2 protein chains.
Amino acid sequence: MAVYTEVDDDDLNAFLKNYAIGEAVAFKGIAEGVENSNFLLETTTGRFILTIYEKRVNAADLPYFMGVMDELAHAGFPAPQPVRGTNGEALQELLGRPAAIVTFLKGMSPRKPTADQCRQIGAAMARLHLALGESELNRENSLSISSWSDLFEGRESVAAGLAPNLASLIEGDLERLHAQWPNPKDVPNGIIHADLFPDNAFFLGEHFSGVIDFYFACNDMLAYDVAIAINAWCFEGRGEFNLTKGRALLAGYASERTFTPAEVKALPALIHGAAMRFFLTRLVDWTDTPADALVRPKNPLEYAEKLGFHRLAHSVEDYGYAP
Amino acid sequence: MAVYTEVDDDDLNAFLKNYAIGEAVAFKGIAEGVENSNFLLETTTGRFILTIYEKRVNAADLPYFMGVMDELAHAGFPAPQPVRGTNGEALQELLGRPAAIVTFLKGMSPRKPTADQCRQIGAAMARLHLALGESELNRENSLSISSWSDLFEGRESVAAGLAPNLASLIEGDLERLHAQWPNPKDVPNGIIHADLFPDNAFFLGEHFSGVIDFYFACNDMLAYDVAIAINAWCFEGRGEFNLTKGRALLAGYASERTFTPAEVKALPALIHGAAMRFFLTRLVDWTDTPADALVRPKNPLEYAEKLGFHRLAHSVEDYGYAP
C-alpha cells in the first residue's frame, strides 16, 4: 500500500483534459495495491480510480490488462472498466508514466472469508473464465513453473533460516512438481486472474460484488486460477486447510463450469504449485526489499506452511472436491 | 501519508454498530495526514472519513478538536462535522485506539496557490475565527514561543549541517523574537487552526470549499494564525516572498475582520515566529524520524529559507499589509 507518485491539482486538471468525464471535485491517494500508485478520483460525473503504473509493471503488458478489464465489463462481469480518453485510448500518460482511469467499484474485501464467500468466489471465478472464453488477448504467465527454480536459486539459505529443512523440502517439492505437472494441452486454457486473493474481491453485505487488480492476469490453465484461490481463501492460521471452505470454493466453481476429468486429476499438483509460486515470489521480495521501502514485504512463511499441507495431501478429495 | 492501523471488514462492521449511518459499501485507507490513520468510508447513507488517532496525538485533546469541528459545522463554516454515535459521543474506540467519523468534504488542495486563492483563504480564516468567537473551548498552544528554545537545544549541530551559520542565526532569531513578541493580552485571542497549509484547504474549481485537519487547533492570538498562513501560502521556490500573495491574503482576512492597530504592529514578529515554529518542529522530525518510518520527514531547510526573508523584513508593509 503506497502512493509512489505525487499528483497535484494542476497535474490532475491537465490530465483530465484528455477525458470527457468532467472536472475533479475530490482526489485522494489510496493505500491499495503494492505495485502502482492509486487514487480515488471524484469528478462532476462520477467516481473513478486513477492508477499510475510504476516501474515494476511492464508497460508492454498494460494493453493486455486494459483489454481484459474491457472485455469483462462488456460481458457484464463486475470488474473496473477502463475509461477511454477522447483520443479513444484507455492508456494515457501522467507525469511521464503510463496511467489509466477505471470505474469505481463498490464493495469490501473480506479479511476472513466465510465458507459461503468461498462458494461465491468460486462461482465468480468460473463466470470470469467463461466471460473471457472467446478472447483473443494473449499474455504468457511469467511466473509459471518454468520460472520457479531460477527464483529459488541463491535463496536456499534464506529459506533455511525461515524454518528447519525448508530449503531441502522446497527442492523436493520442485522435483515432485516438475514430475507431476500436467501438460497444459490436456486441460482447458484461457485468461486467468492469477491473483484472486480476498484483497482483490469485493462483497456488498454477504454478496459478491466484483473483482479488481488484473495486473497479474495471463493465459494459463483455468484450473491453475482455482488452485491459486484454494490457497488464498481456504486456509486458517498456520497452514491449516479448512476443508469446508475448499469444498465450497470447488463446488461454487463447478456450479458454473464443469471441471474436465483431466483438470480434476491435475488439481492437487496445481494447488501445490500455486503455493510454490507465492512462496517463491514472497521469498524474493523478502530478500530484495530494502529496509526503508514504503511497502513491507509479506512473510513467505505463510506459504511455506501451506506447502507443508500440500506435501502430505494425496488426492483431490483432500481439497474437498466432490464429483 | 500513511495508514498505521489496519482495519478489516469485521472490525469495521462491528464499529459501525456504534452509529446510525447504515452499512459500509466501500472502505479505503487514504494517504492523508501524517499523525493518524485515515479511511474513506462510504455507507448506504453517505460518505465519511474515519480517523484512528495514533500515539502522537494526545487523547486528552481529542474532545477539544471534536468540539471545534462541531462548533464550526453548526456555525455553517465548511469543515468536517463529527458524527455522533448512538451513545451521543463523537469519540469512539476502534482496535483499542480513539476513533471518530466525520463528514466527507469535497474539494481539492492547491499545490501552488494563486493570489486569488490566498485572498480567499485569508477571508475564510477570518470567518473561521469569527465563527468560533463565542466558544468556551480552551486548549493551550503547546508549540508556542515558550517551547522553542527547548526544541532547538541539542540540535544546533544538525542546523549547522543544513546551512552555514544557521545555528547562530537561529539563536539570534530566538533572542529577537523573545524581545519583540507581543503581549497576548494586547491583541485579540481565540481559537486558531494553527496549521492552515494548502494541504488542509479545499477548493472546488476556483472557489474555497472547506478546511480540514484541526489537530493542531488551540487558543492563541488570532493574528498568529494569519502569520502561519502567510508563511504557508505566500512563498515561492527558495524563501522568496510573493508580495502579491501576501497582500491578497492580508486583504482577504481584513475584508472579514479588521486587524486592530496592536495586531498590525505585532504581525512582523508573529510571521517571523510562525516560521520559527515550523522550522523547529521540522528540525525535530528530521533528527528523530527513523530511516524506515512510513512517513518521510519534511526538510527543515524550506523554513530556514523563509526565516532568512523575515530576518531582513522591517515592517508589516514588507508583507503586503495596506491599511
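It should be emphasised that the depicted structure is a prediction, and the values quoted were computed from it without experimental measurement. (Residues numbered from 1 in each chain as written. Chains lettered and ligands numbered in written order. Predicted model: local features only at pLDDT ≥ 70, side-chain atom pairs only at ≥ 80, totals over all residues.)

J.: Quick rundown of the overall build of chain A? Include the residues and the values.
T.: In terms of helices and strands, chain A carries 10 helices and 11 strands. For 323 residues, the compact-globule estimate of 2.2 N^0.38 gives 20 Å, and the C-alpha radius of gyration of chain A, at 20 Å, lies within 12% of that figure. When burial is assessed residue by residue, chain A has 42% of its 323 residues classed as buried. (Helix = DSSP H or I, 4+ residues; strand = E, 2+ residues; numbered from the N terminus. Rg over C-alpha atoms; globule rule 2.2 N^0.38 Å. Buried ≥ 20, exposed ≤ 12 C-beta atoms within 10 Å, placed from the backbone.)

J.: Give a detailed account of helix α6 (residues 166-180) of chain A, specifying residues and quantitative values.
T.: Two residues of an α-helix separated by three or four positions point the same way, owing to the 3.6 residues in each turn. Residues and elements named next belong to chain A. Across its 15 residues, α6 extends 20 Å between first and last C-alpha, which sits within 8% of the 21 Å expected from 1.5 Å per residue. Every buried residue of α6 is listed here: Leu-166, Ile-170 and Asp-173. Down the axis of α6, the sector holding all buried residues measures 60°, keeping them to one side. Seen from the open side of α6, the exposed residues pointing more than 90 degrees away from its buried face are Ser-168, Gly-172, Glu-175 and Ala-179. Contacts from the buried residues of α6 go to α4 (145-152), α5 (156-162), α9 (261-288) and α10 (301-312). (Expected span 1.5 Å × (residues − 1). Arc of directions from axis to C-beta. Contact = placed C-beta atoms within 7 Å.)

J.: I'd like a description of the interface of chain B and chain A, backed by residues and values.
T.: Taken together, the 27 residues of chain B in the interface contact 27 residues of chain A. Ranked by residues supplied to the side of chain B that touches chain A, first place goes to strand β1 (residues 24-30) of chain B with seven residues. Its residues assigned to classes, the side of chain B that touches chain A comprises 13 nonpolar, four polar and 10 charged. (Nonpolar A, V, L, I, M, F, W, Y, C, P; charged D, E, K, R; others polar.)

J.: Any chance you could break down the relation of the copies chain B and chain A for me, citing the residues and the numbers?
T.: Mapping chain B onto chain A calls for a screw motion: a turn of 180° about the axis and a shift of 0.0 Å along it, with 0.0 Å RMSD after fitting. Accordingly, the operation relating the two chain copies is best matched by a two-fold axis. (Least-squares fit on C-alpha atoms with pLDDT ≥ 70 in both.)

J.: Describe in detail the pairing of strand β8 (residues 207-211) of chain B, supporting the description with residues and values.
T.: Residues and elements named next belong to chain B. As defined by bridge partners, strand β7 (residues 201-204) adjoins β8 across four bridges and the pair is classed as antiparallel. Residue pairing in the sheet places Phe-203 in a bridge with Phe-208 of β8. What sits between β7 and β8 in their antiparallel hairpin is a turn of two residues, with Gly-205 showing a positive phi close to 60°. (Pairing = 2+ DSSP bridges.)

J.: I'd like to hear about the nonpolar core, residue by residue, with values.
T.: If you look at the biggest cluster of nonpolar residues, it comprises 183 residues, and the most contacted ones within it are Ala-223 of chain A together with Ala-223 of chain B. In contact with Ala-223 of chain A, other than residues within four places in its own chain, are Val-187, Phe-259, Glu-263, Ala-266, Leu-267 and Leu-270 of chain A. (Core = buried A, V, L, I, M, F, W, Y, C linked by C-beta atoms within 7 Å.)

J.: With reference to specific residues and values, describe unusual backbone geometry.
T.: Residue and element names in this part refer to chain A. A positive phi angle, near 55°, is found at Leu-95, a position not held by glycine. As for its placement among the helices and strands, Leu-95 is situated in the loop between β4 (92-94) and β5 (97-103). Look at Leu-95 and you get partly exposed, because 13 C-beta atoms sit within 10 Å.

J.: If you had to explain the pairing of β5 of chain A to someone new, which residues and values would you point to?
T.: Residues and elements named next belong to chain A. Bridging between strand β3 (residues 46-52) and β5 involves five bridges; their strand directions are antiparallel. Across the sheet, the residue bridging to Phe-48 is Thr-103, located in β5. Sheet analysis places β4 next to β5, joined by three bridges and oriented antiparallel. For Glu-93, the partnering residue across the bridge sits in β5 and is Pro-98. Here β4 folds back onto β5, and the loop between the two strands holds two residues, one of which, Leu-95, carries a positive phi near 55°.

J.: Got a sec to walk through the domain arrangement of chain A? Specific residues and values, please.
T.: Residue and element names in this part refer to chain A. According to the domain assignment, chain A contains domain 1 (9-103) and domain 2 (115-319). A C-alpha centroid distance of 28 Å is found between domain 1 and domain 2. Counting residues at the interface gives 17 residues for domain 1, matched by 17 residues for domain 2. Its residues placed into classes, the side of domain 1 that touches domain 2 shows 12 nonpolar, two polar and three charged. (Domains from an automatic or database assignment.)

J.: Residues and numbers for the confidence of the model for chain A, please.
T.: Segments scoring low in pLDDT should not have their predicted coordinates read at a detailed level. Mean pLDDT over chain A works out to 94, with 97% of the residues at or above the 70 mark. Overall fold confidence (pTM) sits at 0.88, and the ipTM for the predicted complex is 0.83. (pLDDT = per-residue confidence, 0-100.)

J.: Tell me about the environment of Met-69 of chain A, and please be specific about residues and values.
T.: All names here are of chain A. Checked against the element boundaries, Met-69 lands in helix α2 (residues 62-74). Met-69 sits in the buried class, given 23 other C-beta atoms within 10 Å. The spacing of Met-69 and Val-102 is 33 residues in sequence and 9.1 Å in space, taken between C-alpha atoms.

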